[in-house]
Amino acid sequence: MLCTAVAYISARRLFPTSIYSEWLRRRGENIAHGQDLAVLERLLVGDAYNSNPFSIKDSDNITEILDAIGRTPQAEFPVLDDDGVLVGVVTYGDLRNVLAERERLAPLLIAADIANTEIEPVTTRDTLRTALERLGVHGSLTLPVVDPNDGKRLVGLISRQEILTAYDRDLLRGGV
């Protein structure tokens, strides 16, 4: 027990912040405890998300995907089935892997085949702190926002920039 106590105290002295806070600090996004966290916990994803994101149909082939994404500045694309249910997310990284083998793979693959299904969306009722934490954990640029009553139906996307914009807007209005 003594070794455990000494190890814990040493670790806290060397690394006083959590792994997540340290990750944010290294990225230049130092969010202090107290006032900043209170703002992020008070504001909801519903206050900040993009309700009109560009999405891809799960049946789109690679050529259709490439043609479509050329018309938007978005870097991550929700993949939806015919009923608007979130199937996954396709990123430029996913497409880069496919393009390396374009001649061989492009005729065979559709969006549902390359979409990342291991995503953890947020709802409009989640706090901005929850969204920011999930962005950090997954290393994503954006997160899908789903209907809180139907956790599979996409209603939008939220990015780190939209979170920080909502945070700044709240501070300028005098919130805390």
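Since the model is a prediction, treat every value here as computed from it, not as a measurement.

Cut-off values and rules
Residues numbered from 1 in each chain as written. Predicted model: local features only at pLDDT ≥ 70, side-chain atom pairs only at ≥ 80, totals over all residues. Heavy atoms only, no water. Pairing = 2+ DSSP bridges. Helix = DSSP H or I, 4+ residues; strand = E, 2+ residues; numbered from the N terminus. Contact = heavy atoms within 4.5 Å. Axes fitted to C-alpha atoms, helices over the stretch in contact; angles between N-to-C directions. Buried < 20%, exposed > 50% of the residue type's maximum accessible area, 1.4 Å probe, protein only.

### Here we look at the pairing of strand E6 (residues 150–159)
Moving on, step 1. Sheet topology places strand E5 (residues 142–147) next to E6; 6 bridges connect them, and they run antiparallel. Paired with Val-145 across the bridge in E6 is Gly-156.
Moving on, step 2. The antiparallel hairpin formed by E5 and E6 contains 2 residues in its connecting segment.

### A word on the sheet that holds strand E2 (residues 76–80)
As a general point, the strands of a sheet are linked pairwise by backbone hydrogen bonds and lie either parallel or antiparallel.
Moving on, step 1. Strand order in the open sheet formed by 3 strands is E1-E2-E3, and the pairing between neighbours is mixed. Two strands close off the open sheet at either side, each with one partner strand: strand E1 (56–57) and strand E3 (86–91).
Moving on, step 2. Judged from the 2 bridges that link them, E1 and E2 form a sheet pairing that is parallel. If you follow Ile-56 over to E2, its bridge partner there is Val-79.
Moving on, step 3. Here helix H5 (residues 92–100) sits on the sheet and contacts E2 and E3; the angle it forms with E3, its principal contact strand, is near 70°.

### Regarding the pairing of E5
Moving on, step 1. Extensive coverage of E5 is indicated by the burial of 5 of its 6 residues.
Moving on, step 2. With 2 bridges joining them, strand E4 (residues 122–123) and E5 adopt parallel strand pairing. Its bridge partner lying in E5, Val-122 is registered against Val-145.

Bear in mind that shape data such as this cannot, by itself, settle questions of function.
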